[in-house]
Amino acid sequence: MNRHKLLVIAMAMLCGVSIAAMSTVVFAAVSDSYRAATQEGLASVQSRTLDEVYLRPSVDFVGYRKVLIEPVQVSFRRNWLKDLNATRGPSRWISESDAQDVLQAATASMAKTVADEFISKGYAIVTAPGPGVLRVAPSVTDLDVYEPDVTFSRPQALFTRDAGTATLRLEARDSVNGALLGVVVDRGTATQIRQINRTTQTSNQFWFDAMFRQWTANCIVAMQSGPAR
């Protein structure tokens, strides 16, 4: 066998190993949510707008017209602060206090937009469980704000194309018996426009608000459409 054929075979084997490894990683990432949802009796539902949707078969979400929204939980991407400061000079480092301000702003934004979107779709927001009340628990993990706008010792001009990314999750339960009715998991990007733009606290909030709002709307549509019959 000549050297050229050996090189071709070796490359093919390496590609095969890489593809297999990538498939394993993707499958593992999806199977965690899939395994947890199916153990609760939920079924996977295809969605054009959301990464993962799991709904309890035969449940009619149309019967729920009131929503009890649990406090929003938000957490940063692992090592977000450390990684961000590693790319900056000391005069532009983000402090722990700054990070908490960003986290609180994201939490308030998520809570408001989720409530506003449910209201806009005809739901009544309530504070106590009861018949026809859907208990929803929205959360944000892996929050990655690319350029948080905070006060530096020297004014800085910040520029990005996207405001950041986050993993968004919504759990829906019957408020009376606590039965898990649906789970939605989606990886979202707070997208600005297709060019580099000046980044400010206002622009970050606007684009994250827009992402949270569209995600909530997609969750409501997915639940109202119900599981595949």
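Residues numbered from 1 in each chain as written. Predicted model: local features only at pLDDT ≥ 70, side-chain atom pairs only at ≥ 80, totals over all residues. Heavy atoms only, no water.

A. Spatial organisation of the side chain of T113. Relative to the assigned elements, T113 resides in helix α3 (residues 96-120). Taking relative accessible area as the criterion, T113 reaches 4% and is therefore assigned buried. (Helix = DSSP H or I, 4+ residues; strand = E, 2+ residues; numbered from the N terminus. Buried < 20%, exposed > 50% of the residue type's maximum accessible area, 1.4 Å probe, protein only.)

B. Molecular detail of the pairing of strand β9 (residues 180-191). In terms of burial, β9 is a largely internal element, 9 of the 12 residues being buried. Two strands pair when backbone bridges link them, and strand β2 (residues 52-55) and β9 are joined in this way by 4 bridges, in the antiparallel orientation. Each residue of the ladder has a partner; that of Y54, found in β9, is V183. Inspection of the sheet shows strand β8 (residues 162-174) paired to β9 by 11 bridges, in the antiparallel sense. Each bridged residue has a counterpart across the sheet, and for A166 the counterpart in β9 is G188. Where β8 folds back on β9, the antiparallel hairpin that results is connected by 5 residues, among which G178 adopts a positive phi of roughly 80°. (Pairing = 2+ DSSP bridges.)

C. Summary view of the packing of aromatic side chains. Tallying each qualifying case throughout the model produces 5 aromatic pairs. Arranged with centres 6.1 Å apart and planes meeting at 45°, the rings of F208 and F212 form a pair that is tilted. Here the residue F208 and the residue F212 both occupy positions in helix α4 (residues 201-225), the gap between them amounting to 4 residues, near one helical turn. A relative accessible area of 8% places F208 in the buried class. The cationic tip of R65 hangs over the ring face of Y123; the distance from NZ or CZ to the ring centre is 4.2 Å. (Phe/Tyr/Trp six-rings, centres within 6.5 Å; stacked < 30°, edge-to-face > 60°. Lys NZ or Arg CZ within 6 Å of the ring centre and 35° of its normal.)

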